Amino acid sequence: MSDPAAARLLEVEHLTMRFGGLVAVDDLSFTARQREITAIIGPNGAGKTTVFNCLTGFYRPSVGRLALHRPEGEFLLERMDGFRIARHAGMARTFQNVRLFAGMTVLENLIVAQHNRLMRASLYTVGGLVGLPAYRRAEAAAVAKAKDWLDRVGLTERADHPAGSLPYGAQRRLEIARAMCTDPALLCLDEPAAGLNAHESAELNALLRDIRDDHGIGILLIEHDMGVVMAISDQIVVLDYGRKIASGTPASVRNDPVVIKAYLGAEEDEALPPEIARDLGGRA
C-alpha cells in the first residue's frame, strides 16, 4: 500500500505533450515515492510510453514540471538532455523491446553498463590500458557488481554465454539487472512482463519486490499484465486518451467503474467477462 509519509522521489506536475494538433498527454500530475512501485496503466494509445519518453529526455514536454528528488538536490528533468538524466539524475530505463548487446556475453552486458564509472577511473585517457591502480580497483568493483546481479537474477551459470542466446524471459531479467548496475534512484520499466509466461511473470514479480524492498529503489512501471500490476504495485495511475482518470491503491483502482469502462468500452453497470474480471480483480 502506498505510504503518504514516504519521501517524494518523482513529482510530475501538469505534464502536457502535444504533437501538432494531437495532445498525447494532457495535464498529468502524480507523485512517485521512494521504496514504492508506481504503475502507469491504460488502454493502448493512452499515452503511457509518451510519459516515459518525456521523463527520460526523448521528448521535451510542451508543458510541465518533472522533478526528481535526490539527496544531492532536485533535478528538473524537463530541462535536461536525455544522457544527463541517466548520468546525473540517476534514472534508468528499459524498453518494450529488449535492447541488449546480443553479441556480448551476459557478464559483459552488465560491465558495459558501468562504462561512465570506469571512464572516470581511467581519467578519460589511456589509464585503463596502462593499468592505473584506480582503474584496476574500479574494474574489479564493476565485475563484482555484475556478478552480484547475475546471481540475483539467476544467470550466473550463463555469464559467459552470448546475451542473444538467452531465453526471452532471461533476457528481460538481464535487462533489468543491467539497469540496476547503473545504481539508479528511479528505475523505469516499459512493459517488462510483455511476452512472459506465468512462471516468468512470477520471477519478475519477485525480482521487482526485491529491488524495492532490499535496495530501496523507486520503480515506475508501465504494464498491460494486470496480474503483475495488481500483485506488486503500491500505487496505480490510470490514463485514458492522455488524461489521468484514476489513481490510488490496487484495491481502489480495480473496482473503479471509470477504469473498467475505459478498458472495456462498456457501460459501467454491465457485467465483466470472467477473464477480464480475473485480470482486473474486479466484479464479474
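Above this text is the structure in question.
Residues numbered from 1 in each chain as written. Predicted model: local features only at pLDDT ≥ 70, side-chain atom pairs only at ≥ 80, totals over all residues. Heavy atoms only, no water.

## Describing unusual backbone geometry
Moving on, step 1. A positive phi angle, close to 60°, is found at R35, a residue other than glycine.
Moving on, step 2. When its relative accessible area of 53% is taken as the criterion, R35 is described as exposed.
Moving on, step 3. Of note, Y241 is a non-glycine position whose phi angle comes to about 50°, a positive value.
Moving on, step 4. When you line up the elements, Y241 lands in the loop between β9 (235-240) and β10 (243-248). (Buried < 20%, exposed > 50% of the residue type's maximum accessible area, 1.4 Å probe, protein only. Helix = DSSP H or I, 4+ residues; strand = E, 2+ residues; numbered from the N terminus.)

## Describing the sheet that holds strand β4 (residues 63-70)
Moving on, step 1. Strand order in this open sheet of four strands is β2-β1-β4-β5, and the pairing throughout is antiparallel. The open sheet has two free edges, formed respectively by β2 (22-33) and β5 (73-76), since each of these has just one partner strand. In this sheet, neighbouring strand axes are inclined to one another by 20° on average, regardless of whether the strands run parallel or antiparallel.
Moving on, step 2. Relative to β4, strand β1 (residues 8-19) runs antiparallel, the two being bridged by five bridges. In the sheet register, T16 faces β4, and the bridge partner there is V63.
Moving on, step 3. On the sheet, helix α1 (residues 48-55) packs against β1, β2 and β4 and is oriented at approximately 110° with respect to β1. (Pairing = 2+ DSSP bridges. Axes fitted to C-alpha atoms, helices over the stretch in contact; angles between N-to-C directions. Contact = heavy atoms within 4.5 Å.)

## Description of the nonpolar core
Moving on, step 1. L174, L187, L208 and I211 are the most contacted members of the largest nonpolar core, which has 44 residues in total.
Moving on, step 2. No other element matches helix α7 (residues 168-180), which puts six residues into this core.
Moving on, step 3. Counting contributing residues per domain, this core is built from domain 1 (1-90 + 184-284) and domain 2 (100-182), each supplying no fewer than three. (Core = buried A, V, L, I, M, F, W, Y, C linked by side-chain atoms within 4.5 Å. Domains from an automatic or database assignment.)

## Digging into the packing of aromatic side chains
Moving on, step 1. For the structure on display, the rule yields two aromatic pairs.
Moving on, step 2. Consider the rings of F19 and Y59, whose centres lie 5.2 Å apart with planes at 75°: the pair is edge-to-face. Placement of F19 in strand β1 and of Y59 in the loop between α1 and β4 is noted, with a sequence separation of 40 residues between them.
Moving on, step 3. With relative accessibility at 30%, the residue Y59 sits in the partly exposed group.
Moving on, step 4. Relative to F95, the ring of F58 has its centre 5.8 Å away and its plane inclined at 85°; by these criteria the two rings are edge-to-face. (Phe/Tyr/Trp six-rings, centres within 6.5 Å; stacked < 30°, edge-to-face > 60°.)

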